[in-house]
Every structure is written in C-alpha cells, then in structure tokens.
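Listed below are the residues making up each chain.
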Amino acid sequence: MSGLRHYNQIQRRILLLQGALMASVLCVEGRLVYLQVFKHVEFRQLAYHQQYTPKETSPSRGVIEDRSGALLAMNIGLFNVCAHPNQITDKASTAEALSRALGTPYDEVLSRISGDKPFAWVARQVPYERSRAVESLKLQGVEASREQRRFYPDHEMAAHVLGFAGIDDQGLDGLEREYNNSLTGKSGLVLTERDARGRVVLSDNETKMAAVDGLNVVTTLDKTIQHIAQVELEKAYQKYRCKAASIAVMDPRTGEILALANCPNFDPNHFNEAPGEYWKDRMVNDEFEPGSTFKLVAAVGALEEGAVNEDDRFFCENGAYHTDYGRVVTDHEKYGWLTFREIFGYSSNIGMVKVAAKLGEKNLYRYCQRFGFGVTTGVDLPGEVSGILRPLDKWSGLSMTTIPYGYEVSTTPIQMLAAYAAIANGGVLMRPHVVKELVDSNGKVVREFEPQKIRRVCSPKTAKRITEMMKWVVEKGTGTAVALPSYDIAGKTGTAYKFMNGRYSKYDYVSSFIGFVPAENPQFAIYVSLDDPRGLYWGGYTAGPVFKEVAKRALVYDLVPGKDQAPAVAQGGGRHSVPSFKGLTREQSRWLAQESGLRIKFNGPGDRVVDQSLPAGGKLAPENNKPIKMVLTLGTPAASLAQGVMPDLRGKTKRQALALLAPLGVRVNFKGEGVVRSQFPPAGRTVRDGVPCDLSCEVPVAKTASGGGEGHS
Amino acid sequence: MGFKNKEQASPDFLMFLLTLILVTVGLIMIYSASAILAHDRYGSSYYFFGRQLLWVLAGSAAMWVVSRADLESLRALAIPGLFMALFLMALVCVPGIGKTVGGAQRWFRLGPFSFQPSEVLKIALVFYLADSLERRRQTLSNLSGLFPYLVILGICMLLLEKQHDFGTAVLLALVTILLLFLAGIQWAFFLIPLSILVPVFIFLVESASYRMKRITAFLNPWEDPQGAGFQLIQSLIAVGNGGPLGVGLSNSSQKLFYLPAPHTDFIFAIIAEELGLWGAGTLVFLFAIFILRGFKVAAVWGQREGGMFLSLLAAGVTGMIGFQTLINLGVVTGILPTKGIPLPLISYGGSSMVFTLVSIGILFNISRGIKMPLSLTAGDGYGALGAS
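Now for a look at the structure at hand. (Residues numbered from 1 in each chain as written. Chains lettered and ligands numbered in written order. Predicted model: local features only at pLDDT ≥ 70, side-chain atom pairs only at ≥ 80, totals over all residues. Heavy atoms only, no water.)

1. A word on the interface of chain B and chain A
- At the interface, 57 residues of chain B touch 38 residues of chain A.
- Carbon and sulfur atoms supply 68% of the area that chain B and chain A bury against each other, a total of about 4300 Å² over both sides.
- Seen at the junction of chain B and chain A, the total is 0 salt bridges.
- Between chain B and chain A we count 9 residue pairs in polar contact (both at pLDDT 80 or more) in total.
- Of all the secondary-structure elements, those providing two or more residues to the side of chain B that touches chain A are helix H7 (166–183), helix H10 (230–242), helix H11 (267–302) and helix H12 (308–332) of chain B.
- Top element by residues in the side of chain B that touches chain A is H11(B). It accounts for 16 residues.
- Here the side of chain B that touches chain A is composed, by residue class, of 33 nonpolar, 19 polar and 5 charged. (Contact = heavy atoms within 4.5 Å. Buried area = accessible area lost by both parts, 1.4 Å probe. Salt bridge = Lys/Arg side-chain N within 4 Å of Asp/Glu carboxyl O. Polar contact = N/O pair within 3.5 Å; in protein donor to acceptor, adjacent residues only side chain to side chain. Helix = DSSP H or I, 4+ residues; strand = E, 2+ residues; numbered from the N terminus. Nonpolar A, V, L, I, M, F, W, Y, C, P; charged D, E, K, R; others polar.)

Shown next, in the form of structure tokens:
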C-alpha cells in the first residue's frame, strides 16, 4: 500500500518537475524571441559596428590645367608603409624582412613594430618600388598605403594664380583656395569586415560609397604665354632691381586671363620656404594710386561726352599750373600749347586737369564708376580688393586737380587691365576671369564659365578714337620704346609717385604700361607694372619693353598676322576658320576647339570624330564674340580608310600639326610646348589610321614679328 | 529485476532519434564554429571537428555497452565507484598530475587527449544516490537520514571548488536535491539543504573574485564591456544578430574571435546567430522533448514495484543532462550568470561527449522494453513494461 502511495508520489513529483522544466524552456524560448526578434536590429547594429570598420577613402584632388589641358597642378603618389604591431606574431622575422625591403636598419624597424599598438608607421614617403617590395612580402599586420601630394610641375609657373594647397590638400591660396570645394571632391567610405583581432576577413569588402574625385579646373591661362610673360617680367625685375613687379595678359574680347605673374615669385611646391608677402598676388590683392594710366578715364569721358576733341588745344602752363586752391600741378616736362591727343600722348598732368575741367566732376565720377573703379572686378581669385573711389560728395576742391591723372584714387592692377581691355573690346567692359570650365574625372564639363559682360563703358566710336590716341602714345608719345615694326600697339604709360609716410615720395615710383595689341584687332590686353625700378623709371622705358617683348612673342606664338601679312586662311591657320576634326580623339578635339574658339558637342559612341557639323575650312565671323557651336559625330572609323603620307610638320604649331594630321587618323602624341621640332614617322612615310605619331615641340626662341609671320604666310 | 526479454527489446526510439539529431547538429555546428579558429591555431579547419568525431564514436561504443549492461547487478559497484571518482577528483588537484587549462586544474592528460574526472563524478554520484536512496528510503523521513548525502555533496563541492568548477558544483547540488525530492523527502526538509547550500554558495562566490565579477557582469554586462561583461555581450550580440532566420550556416561573424569559446560553452550563441530563432528555438524544443522523455522513463519505472532504483537512476541522469542544458542556455542568453557548463551533445569536448553518451546509454538501458506511447508527461498513458 505504502508502495503505491510512494509510486504515486514519484509520479506526482516527476510531473511537477516536468512542469518546471517546461516553464524554464519557455523562459529560454521567450528570451530567444526577445533577443532575436525584438532586439534584433539593435544587436545587428552592434555586431556591424564591431565587425565593420569604416575607412574613409580620399578622393583625388582635381588637377588644374591651362586652356589646352597642360597640367599646372597635379597629384603625385607617395607611398607609406604602416604596421599593426598587435597583429604581428613574429616580430623578429617581420622586422628582418621589412628591413631588407626598405633598406632601413633592422633595429629601427623592430622598435617601430614592437609593442602591442594597433598602428605604427614603418616608413613614410618611400619610393614606389620599395612599397611594392613590402606589399609582395604579404606580411601579417603590415600594409603599404598610398597618399597623394600636390605637385606643381612647373614650379614658379603661374604660382600666384594657382596658389597652393596645404598638407591635407586644403586650398590655401589662389585657385586652390577659390575653387577648393570643387577641387576637393567627396571622400568615400569603405567598410571592411574585420575579425576581433583587427585582421581583414577575406570576404567581399562592402563599399558603401565610392569616393568622388574633385573636379578638374581648366583655366584660361595659356602656358606658353604665361611662360613668356613670366620670363620677361623676371628679366625686368632683375634688371631694374624692383621691389615688386606684376604682369597680366588678357583676351580683351572675353576677359579671359591668359597669363598672370608677379615678382617676387615663389615655388608653390615649397610655399613655406618663401616669405608670406611673396604669396601676395599684387594683380588683385594690391591697390595703389595708378598715376598717368588713369588718364584714360577722363579722356574717354571727354570724347564720349563731346566735351573735347582730339585736336582741341590747351595751354599747359610751361610745367607749373597754379590752381584755385593753391595747389601746383606739375608736368615732367614743360609744355606750352598741346592738343588733347598730345596731352594724352605726352602724358601732361596739367593738360589732363584742364580736359577734365571741361568734362566736369560729375561726369568724371560717372566714368570712374563705369570703368568699375571702387568695386571689385569679380575675378575668380581670392582676396580681391576694391580700391578706393571716394563718392562724389566727398570730393574736395583739390580732387579735380588730382583724380584726372590718377591720384586720390586707388585701383588694383586688374581693374586697370580690365579698363584698357574694355577699350580694346569696343567699349564693353568684360569681367576678368581665370577659370574656363570645371570638368569631372570622366572629362564631362560640369560647369562652364562664359565670358561675362559687365557693362558698356563707351560707344565703339569713342573706343576707336581713344585707341587711335593710344596708338599715338606708342608712335610719338611717351611709349615709343614699345613700338613693334609689324604690329600697331595701343597703350599708355604710367609713372606714379608712391604715397609714403604721409607724403608723395620723390624717389619711389610705380612704373607701368597698359595696352593692347594689335590695335586694330586686339588679341591681347597686357598690364605691366614695376614697383620702384632703379635707374630708368619712366613707365615707357621700363615697363614698356616688357610689354613689347611679351606682346611680340605672344603674337608670334599665336600666329597673329602682322600689318603687311595676308590674314590666315584655311588649312588650320588663324583663328577664323573651321579646322578639320576628322580622326581626332575627344581630348584632341576639345583642345583644337578651344584654340579655334569653337564650342563643340559630341554625339554618338566611339572615340574618333567621323563627322563635323560645320565643314572644315569654312569661315568664322571674326568679330563674333560668341563662340560658334558645332556638333562632332563620334564613331569608329573604318580601319583601312585613312591612309596617307606624313607631311613635314617641323615649325608648325600644335594646332596646325593636328589639322594636317587629322585626315590621316594617326594618334598624335605631343611632347613639350611650342612648335614642332622633330617628328616620327618622318615626312614622306606612308602612315595609316591608328599609327602613333610622336611630335616633340619646343617654344621657339623669340624672332622678330615679321619672321614669325613669314613661317605662316 | 529479471525481465527476461529486456536484452532483446530495443531502447526508446524517440530518445534514440533525438540523440542522433542532436549529436549530428553538434558536429556540424562545431565544424562551422571552429573551422576558422582551428585553421588559425592548428592549420587545419577540421582539427576540432575530427577530434569530436572520434569522441562521438568512442562515446557511442561506450553507450552501446552501457545500454546492454545489467544495471541491477552493477549496484554493488555504486559506493566503490563513488569513492573511485572522488579519488580521481582529488588526484587531479595534485600539482603535476592534473593539467591546467585557462587557470583551472581539472584535466588528466592521456596522450593527445585530456579527460575530466568531474564527468565521472557526475555519473558516479547519480548512480550512488539512486542506489542508496532506494535502499535507505525508509530513513528519509528522519532528518538524520539526509546527513550522509549532505556530507558527500559537501565533499564533492569542496573538490570542485579546488578546481574552480563552480558550474559543476551547482549542477551536482541540483541533481542531489532532485533525487532527494523524488525519493520522497518531506517538503520541509528542503530547508536543510538550502540552509547549508546558501551559505556555501555565498562562501564560494566571495572566495573567488572572478565569480563575483561573473555574477555582476551578468546583471549588467555593459558596465564593463571590455572586461567581465565581454563574453556575455559578444554572446548576446551573436544571438541577437541571428534574428528570426539567422545569418546562414557558416556565416557567423561573431565566431571570428569576437566570441570566446565559440565551439565549446558558447556554441549555442553561434547556432542562434547562424540558424536564427527558427533553428535555435527548434533545438531548445528538441532538448525539452528529450528531457521530458527521460523523465517519462523515470515515471514509468517509478510506478512499478521494485523499479525505484531504475526510476531514480533515469531521473538523475536525465536531470544531469537537463540541468546542464538549461544552465548553458541560460548563460548564453543572459538569463543566468556565466558558468563553464557545456551544452550536452553539442559543445566540443571529449569527456563531456563520452559521459553524456554513457548517461544516455543508461537511459536507453532503462527504457529498453518499455512500451510507451509517444507521450512525454509522467501522468498520462501509463507505460507498460516489455513483458506484457
């Protein structure tokens, strides 16, 4: 009996146990549901965070190019070797292998990779071969990485335009700073799965976001003209032992800056080694009283308003003009009666004060404003200053005896250049700019900077008349040292006393020459100023020759026909005919189009131009300010179609060479700048489509203008 | 005693099937969880898997032998067996004889294999308790009747304390209480083992700082995420990361050295991560069915005249496996403080596998010849012995 009760008790107690068991099991199951369903997202994130280490991938900084695609600022790869000491199990053998691969002493390597740190540099900025050697060792816990550094291949070339970027690729000055956002790009994110020991798990890396490379900045600069300008400025800067010097070359029709340089100059690769004031771009960051070159404003106003004619005569007081307010205006030479043309040409301050009196102060102020003085030009360079033009109600009684010849106002060189360029451009003031377009890494134009008209300053007729007066300056006036035999130059000299320590110095001058060339069909507006030249100081004799040399060499380089030469015709010559694009690559087409002032659009697949919407050799209207648009059809040309004989390309410019080679379909590789020196294949050899053709070029030594013209006509 | 055709009758098929499934799942998951670790440490991703396979084969042989032994005649060995086990337990603590792994000296080294005497002790203790409680069941109504068991349990716990094996100590205490309970002691008597166990428990916890740490870590693992809470956090991350459907077999990322012991004590976390709630939940239910079935066997014998020894033996063995399972699952899912208890039949570990299989062999043996409907609870469908 007791047994039965007993058995029942066991049974009851086992049932109880089983119940407790089921309750526990349900607890566990409930806990699983809680963790795996309700907390799943949270834990997945925790797992993700500890397993995937996000790593920023840095984008390549955009390059800076000149107008034809030559690199002005680029990136070079530097190689680093780093280690994760906590992952290195055999330090001795790792150190030995590294030491052999890097050529670093064993002890040094060992000390760097010892310990249990997660990260240590083994070697920084090593040559590529060394980093490759390390990579090929495939050592546990050792990585070779690559970083980029900004490099300016031409060192001082256009340093003030380019500016420079710092160690972390941040733009600090110049275009590097102005266009920093575009150049920088967006960094990407790579998530790498790692195990708890920090080693990369050999599964596919989950790339979250690819880095977007920065945009390439295509400038309006022309490397050849920049080179010419810079060399000539440097020569004068040395010769006259100046404090500073500036030059800029602009296309007056578009406002495009073709060249810009300052002295003292610096190498942006080592910008830290130059004193800070060397970085200053005096063309836009400096303001000073311009002196005689400012006479342009009153002169334009006087002609435009009909206040004065070129042949009106004024008495120039024999060099000392006692004005109503007791101030004496002086001239550098004693003049008696002069015509307005002579006043401008000989740069008489007294005469100019009298001309301005006829114009009236209201009008003078209005023309100052029209030319854009007192406000920034809006050039796309950092730190532009506005200069000072006092509002009319703040003018003193003396103002009308100083402002007409460029005192009591301060201007920036770029403002002065823009003002003269406006005359060259038929009276329309263009906004100076340095950047032509922003192009992404695939070559797609993201943003294009069209020439921007600021305002009309005067009528085309007045512009013409003032141009003639400026030509007279060079022919007979203060600028005779500037004259070129085969080109007419229109310009104005300036010699400004510097205002120092509260008074005008008798010894410190800024000599300048501003003008454009050829006077009839201006291609270049050029500004040259020399700060405090020793020896000769008159603008016409110091800054003038710089202008002359730069103008001459630029005209030759650009194949601008001289006075007595026939205008350029088809077959790739001149700016005014449509070149043949057939057989060119996209890149070559873009280059050629830029040179020819054409706006092109590509159509269709393929990598060679097979057709163009405007026939080759067709005329382009020369005065047309707006670029002509044309469509290039891309395709793959039939292989055997193009075949021909290599022409003699020596002495031809790049553009001419391209035009001549286009029908042959050869792949053209240029080396160097300037005109073709040597070629391969040689002239006369039969070539066919796709054959590479190497042309080495050289900047021609400056010949006389007519010599340059001959090669062309 | 003396059921004639017991030898011919086959063991409980359901339990056999569950054992087969669990061992197979275990082998697969050991490979999945340890392949990278094995490759990293031994150069072969099959290192742990291969060894475990050998242990499974050895354990299966032992299981087969045990399942055919005459358990009633083995009762004579209950007391010597217990003393033998206690002797081994003492021996392993002797410096130079026992092998120390992870700061705990609990292994004998036999050639390439090591073996844990506490596994022997588990079976020996259960065998001894079943035998002794059946013989002395009349004395259990007196408090003095409980005394020898408490002494023996105390000795066991002291030896385990020496080996820092707190988990097994808790386990043995639980099984002892379970068997005392089933043997029919009064409810009120439970106050006695409790009144002893609670101070012992507190002493054990306070005598070793790492235990205290483990316990506080369990309450709030994020308080010290790099230290005491690390293992639990990594375990919870694995379980939670698995989600409802899991990241897929072999795709666990927590086994990449984040979770310590991914193929041993924390293998269930990897299972939960790779197979998700679906797989892990099913596995828990398989264990539950197995344990319920074990208790069912105990219940069937318990109602029979003279079946109390086998009943207690079956319940003890089932309880041993069941408590281990629950403690392991509780630890991995953060319900219980961290203890070094493997998941029976699944976790990597030779001694554990062999002695679990031996335990199951005992269950098979006891279940042999019982005709049980596929019910699990003790109350319904009274099973009949094979003779009927």
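2. Let's talk about the pattern of salt bridges
Residues and elements named next belong to chain B.
- Per the stated rule, a full pass over the model turns up 32 salt bridges over all chains.
- When the shortest N-O distance is used, the salt bridge between Arg75 and Glu134 registers 2.6 Å. Highlighted residues: Arg75 in the loop between helix H3 (71–74) and helix H4 (78–92) and Glu134 in helix H5 (residues 117–135), separated in sequence by 59 residues. Of the two residues, Arg75 and Glu134, both sit in the buried class. (Buried < 20%, exposed > 50% of the residue type's maximum accessible area, 1.4 Å probe, protein only.)

3. Focus: H10(B)
All names here are of chain B.
- Between its first and last C-alpha atoms H10 spans 18 Å; for 13 residues at 1.5 Å apiece the expected length is 18 Å, and the two agree.
- Of all 13 residues that make up H10, 11 are buried, and the element is covered over most of its length.
- All of the buried residues along H10 are Leu232, Ile233, Gln234, Ser235, Leu236, Ile237, Ala238, Val239, Gly240, Asn241 and Gly242.
- The first or second residue beyond H10 is Gly243, which carries a positive phi of 65°. (Expected span 1.5 Å × (residues − 1).)

4. As for the state of the cysteines
- A full pass over the atoms with the stated rule returns 0 disulfides over all chains.
- With no disulfide of its own, A:Cys242 lies 8.2 Å from the sulfur of A:Cys263, the closest cysteine sulfur. (Disulfide = S-S within 2.5 Å.)

5. A word on a nonpolar patch on the surface
Residue and element names in this part refer to chain B.
- A cluster of nonpolar side chains, Phe13, Phe16, Leu17, Leu20 and Ile21, forms an exposed patch at the surface whose accessible area comes to about 460 Å².
- Note that Phe16 resides in helix H1 (residues 13–42).
- Classification of Phe16 as partly exposed rests on a relative accessible area of 39%. (Patch = residues over 30% accessible without salt bridge, like charges linked within 9 Å, V, L, I, M, F, W, Y side chains within 5 Å. Areas by Shrake-Rupley, 256 points an atom, 1.4 Å probe, with all protein chains shown as cover.)

6. Here we look at the nonpolar core
- Counting 140 residues, the largest nonpolar core has B:Leu133, B:Phe268, B:Leu313 and B:Ile366 as its most contacted members.
- Counting residues per element, this core draws most heavily on H11(B), which supplies 22 residues.
- The residues contacting B:Leu313, other than those within four sequence positions of it, are B:Leu71, B:Val126, B:Phe127, B:Ala130, B:Ile362 and B:Ile366.
- Listed in part, the 87 residues of the second largest apolar core include A:Leu338, A:Phe373, A:Leu381 and A:Trp395. (Core = buried A, V, L, I, M, F, W, Y, C linked by side-chain atoms within 4.5 Å.)

7. Remarks on unusual backbone geometry
- Look at the link from A:Cys263 to A:Pro264: it is a cis peptide, with omega at 0°.
- By the secondary structure assignment, A:Pro264 is in the loop between strand E12 (256–263) and helix H10 (282–285).
- Cis peptide bonds are those with omega within 30 degrees of zero, and the linkage from A:Val517 to A:Pro518 qualifies with -15°.
- For A:Pro518, the position within the fold is in the loop between strand E22 (503–517) and strand E23 (524–531).
- Its identity as a non-glycine residue notwithstanding, A:Ala158 has a phi of 55°, on the positive side.
- The backbone phi angle of B:Leu345 is positive, close to 70°, even though this residue is not glycine.
- Looking at where B:Leu345 falls in the secondary structure, it is placed in the loop between H12 and helix H13 (350–367).

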